[in-house]
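Each chain, written out:
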Amino acid sequence: MGASKNGNTYKYNTTLAQQAADALGEAISALPQSPYSLAEYKYEDIYNHVADKSSTSNFSDIFYTTGQGWRVPGTVEAIMRGPEPEVNGSNWNFTKLWGPKVNNLVEHDAIIHMPTANYINYAYGMENGLPITDPDSGFDPTHPFKNRDPRFYHDIMFDGFKFLNTTPSAADKPFQYLELFTGGNMVPTGEPKRSADGSRTGYFCQKLVPHQSNKYDGLYNWGSALQTYLPYMRVADLYLMYAEACAAAGGAAYKSNRVGLTAADAINVLRDRVGAGHVAEKYLGSANLFMDEVRRERACELAFEGFRWNDLQRWLLLTEAPYTVKTRQEFKRVGNFDYTKNDPRDAEVSGWSETVIVERSFGVKHYLLPLKDAETYLYAEYPQNPGW
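Residues numbered from 1 in each chain as written. Predicted model: local features only at pLDDT ≥ 70, side-chain atom pairs only at ≥ 80, totals over all residues. Heavy atoms only, no water.

(A) Spotlight on the side chain of Glu305. Among the secondary structure elements, Glu305 is positioned in the loop between helix H7 (287-301) and helix H8 (308-314). A distance of 2.7 Å separates the side chain of Glu305 from the side chain of Arg234, its partner in a polar contact. Ignoring anything within four residues of it in the chain, the contact list for Glu305 reads Phe63, Lys207, Leu230 and Arg234. (Helix = DSSP H or I, 4+ residues; strand = E, 2+ residues; numbered from the N terminus. Polar contact = N/O pair within 3.5 Å; in protein donor to acceptor, adjacent residues only side chain to side chain. Contact = heavy atoms within 4.5 Å.)

What follows is the structure, encoded as structure tokens:
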């Protein structure tokens, strides 16, 4: 992905952007006197979301809690959320929608939510803060999982990831470590059952539901008290909205007099939280390039939280390539890397490329969704949205 050829995507109302920056700056300045703050991103074991013992709040607890008596997720970061969910309300469907269904490893039906390769390659840059497409990023297509943005390792299950912590049966042993390379045992083939049960994209997601939600580790069972719940707004979004408003008002160096942060500073606050590099100097001098980085940070920090569709709508990118394309990651393993003893991020691959799974045919009408026919028939002055 990258900057759109649609020049309208960078057109903002500067006056409204300044007002938004002031309002959001005031909210950020009030955080120290409020019960809200950024949750800590400190992990003893990032793949299993085990927080460091020194951590007083856990990033993962924003999205789910386990072993905490059905405590509602959100921790110190959730500012707005819906009504308190029912006890065990997560586990019948939602917690079973994220992992592989091969051999019924994750029970229930064959529906799986998975991130696309092009989204991951766009949103999750490098640990140094650069997008993987930047020639200075250090991205190596023979070691594509190495030195990525730390949130990649928290959010994404990739090739070689240890999916089953509990020793599985002999029949399921081949699936303990994910095989997501081209031709691996968890990727689509011509066989319908396997195609439905594996990953069409080369990845699975565990940001919102931990990977131990499977029939062996049993984290979706009653005794684990797994509760999932997404906040409507969290503290990180204040910084993201502030950065975007400031960028629209005056670029990377713009700041509201309500808080001592520039647009670039606001993005760097979030990167400092996870240990990623700051926005590079080369992106600060161009208003459009900096806005691209603001949007990429939003795509990474808020990935899978339900904002992307609305973001693409308001940026006038919903109908634009490459945002209409969904891809799968293709690659082969190289050598005899032992995934049982080594970190999968260090593995070598070859043939790193993407294949298109689907391309959405969105048009102008999709910027406004259809209204209910029953409502538009009430009177002539209440028309249906254009194109529907």
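(B) Fine view of the packing of helix H5 (residues 235-250) against H7. Orientation of H5 relative to H7, taken along the N-to-C sense of each, is 165°, at an axis distance of 10 Å. In terms of their interaxial angle, H5 and H7 are classed as roughly antiparallel. Remark: the crossing between H5 and H7 carries left-handed chirality. Along the contact surface, H5 presents Ala236, Asp237, Leu240, Met241, Ala243, Glu244, Ala247 and Ala248, while H7 presents Phe290, Met291, Val294, Glu297, Arg298 and Glu301. (Axes fitted to C-alpha atoms, helices over the stretch in contact; angles between N-to-C directions. Parallel < 35°, antiparallel > 145°, perpendicular 65-115°, else oblique. Left-handed = near helix turned anticlockwise from the far one by under 90°.)

(C) Summary view of the pattern of salt bridges. Using the criterion set out here, one finds 27 salt bridges in the structure. With its nearest N and O atoms 3.0 Å apart, the salt bridge here joins Asp134 to Lys282. Of this pair, Asp134 sits in the loop between helix H2 (117-123) and helix H3 (150-155) while Lys282 sits in the loop between helix H6 (263-274) and H7, and the two are 148 residues apart along the sequence. Note on Lys282: relative accessible area 40%, which makes it partly exposed. Across the salt bridge formed by Asp311 and Arg314, the nearest N and O atoms sit 3.1 Å from each other. With a gap of three residues between them, Asp311 and Arg314 both fall in helix H8, about one helical turn apart. (Salt bridge = Lys/Arg side-chain N within 4 Å of Asp/Glu carboxyl O. Buried < 20%, exposed > 50% of the residue type's maximum accessible area, 1.4 Å probe, protein only.)

(D) How the structure looks around the nonpolar core. Counting residues in hydrophobic clusters, the biggest one holds 53 residues, and the most contacted among them are Tyr124, Phe152, Leu178, Met186 and Tyr203. Going through the elements one at a time, H2, H3, strand S5 (156-157), strand S6 (204-205), H7 and strand S10 (349-359) are the ones with two or more residues in this core. Listed in part, the 35 residues of the second largest apolar core include Ala17, Ile28, Leu130 and Ala249. (Core = buried A, V, L, I, M, F, W, Y, C linked by side-chain atoms within 4.5 Å.)

(E) Highlighting the packing of aromatic side chains. Summed over all chains, the structure comprises 22 aromatic pairs. On the numbers, 5.2 Å between centres and 65° between planes, the contact of Tyr41 with Phe59 is edge-to-face. Here Tyr41 is found in the loop between helix H1 (14-29) and strand S1 (43-45), whereas its partner Phe59 is found in the loop between strand S2 (50-51) and strand S3 (64-65), with 18 residues between them in sequence. Consider the rings of Phe139 and Trp352, whose centres lie 6.2 Å apart with planes at 55°: the pair is tilted. Of this pair, Phe139 sits in the loop between H2 and H3 while Trp352 sits in strand S10, and the two are 213 residues apart along the sequence. (Phe/Tyr/Trp six-rings, centres within 6.5 Å; stacked < 30°, edge-to-face > 60°.)

Remember that the coordinates give geometry; whether it matters functionally is a separate question.
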